[in-house]
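Coordinate inspection notes
Below are the chains, spelled out letter by letter.
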Amino acid sequence: MSGPRSVALAPGQTADPPPSAGSAASAASAASAVSAAGAVGRAGHGAAAAGLAGGAAGRQPWGPARRVLRSTALRRLISPVAVLVIWQFVSSAGIISADKLPPPTQVWSTAVSLVTSSSPAYGSLQGNLVASLERVAIGFACGALVAIALAVAAGLSRLGENAVDPLMQMLRTLPLFGLIPVFIVWFGIGQLPKFLLIAIGAGIPLYLNTFSGIRNVDAKLGELGQVLHLRRRELIGQIVLPGALPQVLVGLRQSLAVAWLALVVAEQFNTSAGLGFMISQGTQFNRNDVIFVALLIYCVLGLLTDSLVRLAERRALSWRRSFAAQ
C-alpha cells in the first residue's frame, strides 16, 4: 500500500482544506439514509409485487369466468333479456291480453314465418329489412356529411355561426311529420323525400354536438398550433377535430337513434317494403304480432349501431379514463 499521494497545484491555486469530522459524519449519515430509503422502496415494491402476484394467483381459477362476466356485450344483454322474461310472464299469466300484448313466443313464431315465406300483405322480413337499411344508410350518410361540414364552418368562425346556426336551430324545431306533405309536393312520392327526412333527422343532433365540441376545444391548443406554424387545414385536422371527437361521438349515437325514428316516419307513406311498411300493414289488419316483430327489429338495430359507436369510442378515446365503477 502506498502512502498519501500529493496533488500538484497550478500556480495561484490553493488547496481545499480537509473535510472536518462533522461534515464527514453528515455525509456518511446522508448516504446511509439514502441507502435505507432505497432499501425500503425496494422492499415496498417487492411486497407490492408479491401481493399482486398472490392476488393474481388466487384469482386464476376464476379468470375465464370473470372474463366472460366482464364482457361488455354480455353485460349489456342482461336488462333486455330480463325485459323479455317479464314480458313472457305477464302475457302467459293473462295480466295483459295476448291481443294487446302478444307474448315473445308468438312474436318469434311470426318472425320465423315472415322469414321463411313471403306474405302478400307484409312481404318477407328480410326484404323489408334490406329496404329499411338501404334508406337509413343513404339518408344518414348524406345528413352526417352535411352536418359535420356545417358544424365545422359554424364552429371555426363567427361569420359561419351567424350564417348557419340560426337556420339549423330553426330546422331542428320542425316536426318530421309536418315536413311530409311539403316534401311530397316538392319531390313527389318516390325515395328522395324519405332520404331527406332521415338526413334531416340524423343531421341535427350531429351538427349540435359537433358545433359544441369545436367551441369547447381549449383555446391554448390553437395558440400552440400557431406557435408550431400549422396551416389552417393542419390546425383543423390535428387539433380541432381530435379535441372535439368525444362530443362528436355523442352526437353520432344520438343521430343514429333519430335516424331509426325518422325511418318510421318516412316509411309511413307510399312504401311497398320496409319495417315501417310492416307496421302500417299490421295496423290495418290488426296484427299486433307483426307490429311487435318490426318494433323489436328496430330495437335490435338500434342496439347494434349504438354498440358499434361505443366500440369506436373506446378505441378512439382509449386515453380517457372513466369514473364509472367497474
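Here, the structure is the one placed above.
The following refers to the structure shown.

Cut-offs and rules
- Residues numbered from 1 in each chain as written.
- Predicted model: local features only at pLDDT ≥ 70, side-chain atom pairs only at ≥ 80, totals over all residues.
- Heavy atoms only, no water.
- Core = buried A, V, L, I, M, F, W, Y, C linked by side-chain atoms within 4.5 Å.
- Buried < 20%, exposed > 50% of the residue type's maximum accessible area, 1.4 Å probe, protein only.
- Helix = DSSP H or I, 4+ residues; strand = E, 2+ residues; numbered from the N terminus.
- Contact = heavy atoms within 4.5 Å.
- Salt bridge = Lys/Arg side-chain N within 4 Å of Asp/Glu carboxyl O.
- Expected span 1.5 Å × (residues − 1).
- Bend = angle between axes of the 7 residues up to and from the residue.
- Phe/Tyr/Trp six-rings, centres within 6.5 Å; stacked < 30°, edge-to-face > 60°.
- 1 Å grid on protein atoms, 1.4 Å probe; cavity = no way out; pocket = protein on both sides within 12 Å on 5 of 7 lines; lining within 4 Å.
- Points joined across faces, edges and corners; volume = space filled by probe spheres on them.
- Nonpolar A, V, L, I, M, F, W, Y, C, P; charged D, E, K, R; others polar.

Counting 54 residues, the largest nonpolar core has Leu125, Leu197, Tyr207, Met278 and Val293 as its most contacted members. A total of ten residues in this core trace back to one element, the largest contributor, which is helix H11 (residues 232-266). Sequence-distant contacts of Val293, that is, excluding residues within four places in its chain, are made with Val107, Thr110, Ala111, Leu114, Leu125 and Met278.

What follows concerns the pattern of salt bridges. Oppositely charged side chains may form a pair once their charged atoms are brought near each other. Per the stated rule, a full pass over the model turns up five salt bridges. The partner of Arg135 in a salt bridge is Glu267, and the shortest N-O contact between them spans 2.7 Å. Residue Arg135 is found in helix H6 (residues 125-156), and its partner Glu267 is found in the loop between H11 and helix H12 (275-284); the two are separated by 132 residues along the sequence. Classification of Glu267 by relative accessible area gives buried; the value is 0%. In this structure, Asp306 and Arg253 form a salt bridge, with 2.8 Å as the shortest nitrogen-oxygen distance. You can see Asp306 sitting in helix H13 (residues 288-316) and its partner Arg253 sitting in helix H11, a full 53 residues away along the chain. A residue is classified by how much of its surface remains accessible, and Arg253, at 29% relative accessible area, is partly exposed. Three or more residues are tied together by salt bridges with common partners; here these are Arg158, Glu161 and Arg215.

Over its 14 residues, helix H7 (residues 158-171) runs 20 Å from end to end, which matches the ideal 20 Å to within 8%, given 1.5 Å per residue. When the local axis directions of H7 are compared, the greatest deviation, roughly 30°, occurs at Val164, which is followed within four positions by the proline Pro166. Of the surrounding secondary structure, the elements contacted by the buried residues of H7 are H6 and helix H9 (192-215).

This next bit is on the packing of aromatic side chains. In the structure shown here, the tally under the stated rule is seven aromatic pairs. Relative to Phe187, the ring of Phe183 lies with its centre 5.5 Å away and its plane at 70°, an arrangement referred to as edge-to-face. Of the two residues, Phe183 and Phe187 are both situated in helix H8 (residues 176-187); the distance of four residues between them amounts to about one turn of the helix. Aromatic pair Trp260 and Tyr298: ring centres 6.4 Å apart, planes at 70°, arrangement edge-to-face. One end of the pair, Trp260, is in helix H11; the other, Tyr298, is in helix H13, with 38 residues separating them in the sequence. A relative accessible area of 7% places Trp260 in the buried class. We classify Tyr298 as buried; its relative accessible area is 9%.

Taken as a whole, the largest pocket encloses approximately 680 Å³ of empty space. Lining the largest pocket are 20 residues, and of these Leu84, Leu296, Ile297, Cys299 and Val300 lie nearest its centre. Listing elements by their share of the lining of the largest pocket, those giving two or more residues are helix H4 (78-92), helix H5 (104-116) and H13. Here the lining of the largest pocket takes eight residues from H13, the largest share from any one element. For the lining of the largest pocket, the per-class residue count stands at 20 nonpolar, no polar and no charged.

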